[in-house]
Amino acid sequence: MRAILVMGLACLALTACEKVEKHTTTVSSTSDVNGVVTAQSLNLTDYAMRAALGNNPNTAAYVTITNKGNTDDRLISASCNCATTTTLHTMTMNGSTMEMAEAKDGFVIRSGDTLVFAPGGNHIMLENLTQRPKAGDTVDVTLVFEKAGPITLSMPVSNTPLAKAGEATGMDHGDMKM
Ligand SMILES: [Cu+2]
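In this report, the structure presented in the accompanying data block is examined. Position numbers for residues count from 1 along each chain, tracking the sequence in the order it is written. With pLDDT at 70 or above as the cut-off, local features in this predicted model cover only qualifying residues; side-chain atom pairs require 80 or more to be listed or tallied, and sums for whole chains, interfaces and linings still use all residues. Hydrogen atoms and water are omitted, and side-chain values are computed over all heavy atoms in the structure.

**Focus: the overall build of the protein**
Now for step 1: Note on conventions: DSSP H or I runs of at least 4 residues are helices, E runs of at least 2 residues are strands, and numbering of each starts at the N terminus. Looking only at helices and strands, the protein features zero helices and 13 strands.
Now for step 2: Each helix and strand of the protein, placed in order from N terminus to C terminus, yields the pattern β-β-β-β-β-β-β-β-β-β-β-β-β.
Now for step 3: Note on exposure labels: buried denotes an accessible area under 20% of the residue type's maximum, exposed denotes more than 50%, and partly exposed covers the range between, all computed with a 1.4 Å probe on protein chains only. Expressed as a percentage of its 178 residues, the buried residues of the protein come to 47%.
Now for step 4: Whether two residues are in contact is decided by their heavy atoms: any pair within 4.5 Å suffices. The contacts of the protein with a sequence gap of at least 6 include a subset with a gap of at least 24, amounting to 70%.
Now for step 5: Here the Shrake-Rupley method, with its probe set to 1.4 Å, supplies the accessible areas, and only the displayed protein chains count as covering residues. On the protein, roughly 9000 Å² of surface is accessible, and the fraction owed to carbon and sulfur atoms is 50%.

Okay, here's the thing in structure tokens:
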């Protein structure tokens, strides 16, 4: 069943979500050069986590994954010790309402394709935080791929993750800023 969730209250209501198994292994073939992590044939860039906001029990994390290999792969799940539940979410507009939905089957990343998780779009949903990530922290998030296996990223935490230079900061978008 595909659950459609309205932003804001949505994540509080995610009681039916399966808990993602916690992975702590980092694949030995992973290398991190200047913030670009390469594991087998996947490149992981632009990763960051949004700082916990106010009393919001949830936050989100982002990453861009490029499949440079000759075979397709699939992002199956994500996990973080920082949250009780970590899931992969899509974001779509339904009329004037932003809705997120869990991608239960993960995301296929075809050879040569790039999968983007970024504010306003796909995101790694971190629900019921067990710690309050704040700007300047670094928090590990593990992504599990069908072929590449688990890859752990040390994500920098920011109040404006992946904000483009010049983007206005300090604006309060509340829960809409996932
Ligand atoms: Cu979400």
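After that view, the rundown keeps rolling.
**Details of the packing of aromatic side chains**
Now for step 1: Aromatic contacts are taken between Phe, Tyr and Trp rings whose centres are within 6.5 Å, Trp giving its six-membered ring; a plane angle under 30 degrees counts as stacked, one over 60 as edge-to-face, and the others as tilted. By the definition in use, this model includes one aromatic pair.
Now for step 2: Ring geometry for Phe107 and Phe117: centres 5.2 Å apart, planes at 75 degrees, overall edge-to-face. Taken together, the residues span a long stretch of sequence, with Phe107 in strand S9 (residues 107-109) and Phe117 in the loop between strand S10 (114-116) and strand S11 (123-129) at a distance of 10 residues.
Now for step 3: Judged by its relative accessible area of 0%, Phe117 falls in the buried class.

**Describing the nonpolar core**
Now for step 1: Buried residues of nine kinds, namely Ala, Val, Leu, Ile, Met, Phe, Trp, Tyr and Cys, make up a nonpolar core once their side-chain atoms join them within 4.5 Å. If you look at the biggest cluster of nonpolar residues, it comprises 35 residues, and the most contacted ones within it are Ile65 and Leu143.
Now for step 2: Considering every element that reaches this core, the biggest residue donor is strand S5 (residues 59-67), with five residues.
Now for step 3: Excluding its chain neighbours within four sequence positions, the residues that come into contact with Leu143 are Leu44, Val63, Ile65, Leu75, Ser77, Ala78, Ile124, Gly149, Pro150, Ile151 and Leu153.

**Thoughts on the pairing of strand S12 (residues 138-145)**
Now for step 1: Counting buried residues in S12 gives six out of eight residues, a clear majority hidden from the surface.
Now for step 2: Note on pairing: two strands pair once DSSP finds at least 2 bridges between them. As paired elements, strand S6 (residues 73-79) and S12 share four bridges and run antiparallel to each other. Each bridged residue has a counterpart across the sheet, and for Leu75 the counterpart in S12 is Phe145.
Now for step 3: Sheet topology places S12 next to strand S13 (residues 149-158); eight bridges connect them, and they run antiparallel. If you follow Val141 over to S13, its bridge partner there is Leu153.
Now for step 4: Between S12 and S13, which follow one another and run antiparallel, lie three residues.

**Structural notes on the coordination of the copper ion**
Now for step 1: All of the protein donors around the copper ion are His89 (ND1), Met100 (SD), His123 (NE2) and Met125 (SD); their distances to the metal are 2.1 to 2.3 Å.
Now for step 2: Listed donors are limited to N, O and S atoms within 2.8 Å of the metal, widened to 3.2 Å for Na, K and Ca; water is not among them, so incomplete-looking sites are possible. Tetrahedral means four donors with every angle between 85 and 135 degrees, whereas square planar (four donors) and octahedral (six donors) require angles over 155 degrees between opposite donors and between 65 and 115 for all others; sites fitting neither are termed irregular. Around the copper ion, the four donor atoms sit at angles spanning 93 to 126 degrees, and that spread fits a shape best called tetrahedral.
Now for step 3: Using a relative accessible area of 2% as the deciding quantity, one classes Met100 as buried.
Now for step 4: With relative accessibility at 1%, the residue Met125 sits in the buried group.

**Re unusual backbone geometry**
Now for step 1: Unusually for a residue other than glycine, Asn128 sits at a positive phi of about 55 degrees.
Now for step 2: We note that Leu162 has phi near 60 degrees; this positive angle belongs to a residue other than glycine.
Now for step 3: Relative to the elements of secondary structure, Leu162 occurs in the segment after S13.
Now for step 4: You can call Leu162 partly exposed: its relative accessible area is 34%.

**Notes on the side chain of Thr152**
Now for step 1: With respect to the element layout, Thr152 can be found in strand S13.
Now for step 2: Its relative accessible area of 16% is what places Thr152 among the buried residues.
Now for step 3: Polar contact is defined as a pair of N or O atoms within 3.5 Å, subject to the rule that within protein one atom must be able to donate a hydrogen and the other to accept it, and that residues adjacent in sequence are counted only when both atoms are side-chain atoms. One polar contact links Thr152 to Thr142, side chain to side chain, over a distance of 2.8 Å.

**Overview of the environment of Ile151**
Now for step 1: Secondary-structure assignment places Ile151 in strand S13.
Now for step 2: A relative accessible area of 0% means that Ile151 is categorised as buried.
Now for step 3: As a C-alpha pair, Ile151 and Val141 span 10 residues in sequence and 8.3 Å in three-dimensional space.

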